[in-house]
Amino acid sequence: MLSDKEKKIVKKKTLKTMKSKSFLKQKIKERISDSDFEEVWKDAHKRLAKMYGEHMDLPKGVKTHTDGFIFPAAAIYLALQERHPDIAYDVIKTAMAEKAQESGRQMAKMMKIPGFARFFLGLWDPVSHKMFGEKSGFKNVFYPKKKGSFKMDIIECPYHKYFMEQGCPELNILFCDNDVYTYGNLPHLKFTRTQTLGAGGKLCDFHMELMK
């Protein structure tokens, strides 16, 4: 049972998070009536608040992923699926792909700055240890540093774990695809992936290298 203070925290966080998911909101509104949308969005709020309330004690690093991405996606998807199972997955998939593709286009512009690709690649080792390390709910194999290359394998992933827990494991692959859309067409860099946990693989491999 949550305390009154915890309930207020959950309510505030839920409202803030749902407000930040305008790209999903817009895509849903394009596909269903206004009255249906209001019901779906209200239900998504309730589902997200429940998920937050049930996971108050997760470590801060894990919450970066669960509270910002995993639980909101699950809550919105499940609420939409409840009323429109025929379009729910396609709506979420389309919205996420478009957002990731736009991120990729913006990043591609930055890669045209002389030296930025090498700088960007150099960030991956410290960033991955912080964002995708054990404190954030991941288990990884980090390969030895090589000039002009970064390589890691993810063998346990909170996206895989918590989407399974929420009963919508099919959403996991959409977040795996985000990497491809974001990094797959960057000037001067080659991104390689052969398998993901979300698609039934034994791991998620991530290899980025400077192109000669």
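Figured I'd write up the structure that's included with this text.

**Some details on the overall build of the protein**
So, point 1. If you tally the helices and strands in the protein, you get eight helices and four strands.
So, point 2. Traced from its N-terminal end to its C-terminal end, the protein shows the element sequence α-α-α-α-α-α-β-β-α-α-β-β.
So, point 3. A globule of 212 residues ought to have a C-alpha radius of gyration of about 17 Å, and the protein, at 18 Å, matches this closely.
So, point 4. Taking the principal axes of its C-alpha atoms as reference, the protein extends roughly 55 × 35 × 30 Å.
So, point 5. Expressed as a percentage of its 212 residues, the buried residues of the protein come to 43%.
So, point 6. For the protein, contacts bridging at least 24 residues in sequence account for 62% of all contacts bridging at least 6.
So, point 7. Approximately 12,200 Å² of the protein is accessible, and the part contributed by carbon and sulfur atoms is 55%.
So, point 8. Measuring between centres, the 38 positive side-chain charges of the protein sit 7 Å from its 26 negative side-chain charges.

**Quick look at the sheet that holds strand β4 (residues 204-210)**
The pairing of strands in a sheet comes from backbone hydrogen bonds and takes either a parallel or an antiparallel form.
So, point 1. Strand order in this open sheet of four strands is β1-β2-β4-β3, and the pairing throughout is antiparallel. Lying at the two open borders of the sheet, with one neighbouring strand each, are β1 (139-142) and β3 (189-192). Between one strand axis and the next, the sheet turns by 15° as a mean value, whatever way the strands run.
So, point 2. Strand direction decides the pairing type here: β1 and strand β2 (residues 149-156), joined by four bridges, are antiparallel. From the neighbouring strand, Val-141 faces β2, where its bridge partner is Asp-153.
So, point 3. Across the sheet, helix α6 (residues 116-131) touches β1, β2, β3 and β4, and the angle it forms with β4 is around 150°.

**Describing the nonpolar core**
So, point 1. Ranked by size, the top nonpolar core spans 60 residues in total, and within it Phe-120, Phe-163, Tyr-183, Leu-189 and Met-208 carry the most contacts.
So, point 2. When residues in this core are grouped by element, the largest group, eleven residues, is from helix α4 (residues 60-83).
So, point 3. For Phe-120, the contacting residues outside a window of four places in its chain are Met-107, Met-111, Tyr-183, Leu-186, Leu-189 and Met-208.

**Observations regarding unusual backbone geometry**
So, point 1. In this structure, His-188 takes a positive phi of about 75° despite not being glycine.
So, point 2. The topology assignment puts His-188 in the loop between α8 (172-183) and β3.
So, point 3. Under the relative-accessibility criterion, His-188 is labelled partly exposed at 45%.

**Thoughts on the packing of helix α5 (residues 88-111) against α8**
So, point 1. Contact geometry of α5 with α8 gives a least axis separation of 7 Å together with a crossing angle of 25°. Taken together, α5 and α8 sit at an angle that is classed as roughly parallel. Here α5 and α8 pass one another in a crossing that is right-handed. Two secondary-structure elements touch here, α5 through Tyr-89, Ile-92, Lys-93, Met-96, Ala-97, Ala-100, Gln-101, Ser-103, Gly-104 and Met-107 and α8 through Ile-173, Leu-174, Phe-175, Asn-178, Tyr-181, Thr-182 and Tyr-183.

**What to know about the packing of aromatic side chains**
So, point 1. For the structure on display, the rule yields 20 aromatic pairs.
So, point 2. Against the face of Tyr-52 rests Lys-13, its NZ or CZ located 5.0 Å from the ring centre.
So, point 3. Just above the ring of Phe-37 sits the side chain of Lys-29; from NZ or CZ to the centre is 5.3 Å.

**Remarks on the pairing of β3**
So, point 1. Only one face of β3 is covered, namely the one carrying Leu-189 and Phe-191; the face carrying Lys-190 and Thr-192 has none of its residues buried.
So, point 2. Relative to β4, β3 runs antiparallel, the two sharing four bridges. Looking across to β4, one finds that Thr-192 is bridged to His-207.

**Things to note about the pairing of β4**
The two faces of the sheet receive side chains in turn, since in a regular strand these alternate between them.
So, point 1. For β4, the tally of buried residues reaches six of seven residues, placing the bulk of the element in the interior.
So, point 2. Pairing of β2 with β4, which is carried by six bridges, proceeds in the antiparallel orientation. Each residue of the ladder has a partner; that of Asp-153, found in β4, is Asp-205.

**Describing a nonpolar patch on the surface**
So, point 1. A cluster of nonpolar side chains, Phe-119, Leu-123, Val-127 and Met-131, forms an exposed patch at the surface whose accessible area comes to about 320 Å².
So, point 2. Structurally, Phe-119 can be placed in helix α6.
So, point 3. Look at Phe-119 and you get partly exposed, because its relative accessible area is 49%.

Rules and cut-offs
Residues numbered from 1 in each chain as written. Predicted model: local features only at pLDDT ≥ 70, side-chain atom pairs only at ≥ 80, totals over all residues. Heavy atoms only, no water. Helix = DSSP H or I, 4+ residues; strand = E, 2+ residues; numbered from the N terminus. Rg over C-alpha atoms; globule rule 2.2 N^0.38 Å. Buried < 20%, exposed > 50% of the residue type's maximum accessible area, 1.4 Å probe, protein only. Contact = heavy atoms within 4.5 Å. Areas by Shrake-Rupley, 256 points an atom, 1.4 Å probe, with all protein chains shown as cover. Lys, Arg positive; Asp, Glu negative; His and termini not counted. Charge placed at Lys NZ, Arg CZ, Asp CG, Glu CD. Pairing = 2+ DSSP bridges. Axes fitted to C-alpha atoms, helices over the stretch in contact; angles between N-to-C directions. Core = buried A, V, L, I, M, F, W, Y, C linked by side-chain atoms within 4.5 Å. Parallel < 35°, antiparallel > 145°, perpendicular 65-115°, else oblique. Left-handed = near helix turned anticlockwise from the far one by under 90°. Phe/Tyr/Trp six-rings, centres within 6.5 Å; stacked < 30°, edge-to-face > 60°. Lys NZ or Arg CZ within 6 Å of the ring centre and 35° of its normal. Patch = residues over 30% accessible without salt bridge, like charges linked within 9 Å, V, L, I, M, F, W, Y side chains within 5 Å. Salt bridge = Lys/Arg side-chain N within 4 Å of Asp/Glu carboxyl O.

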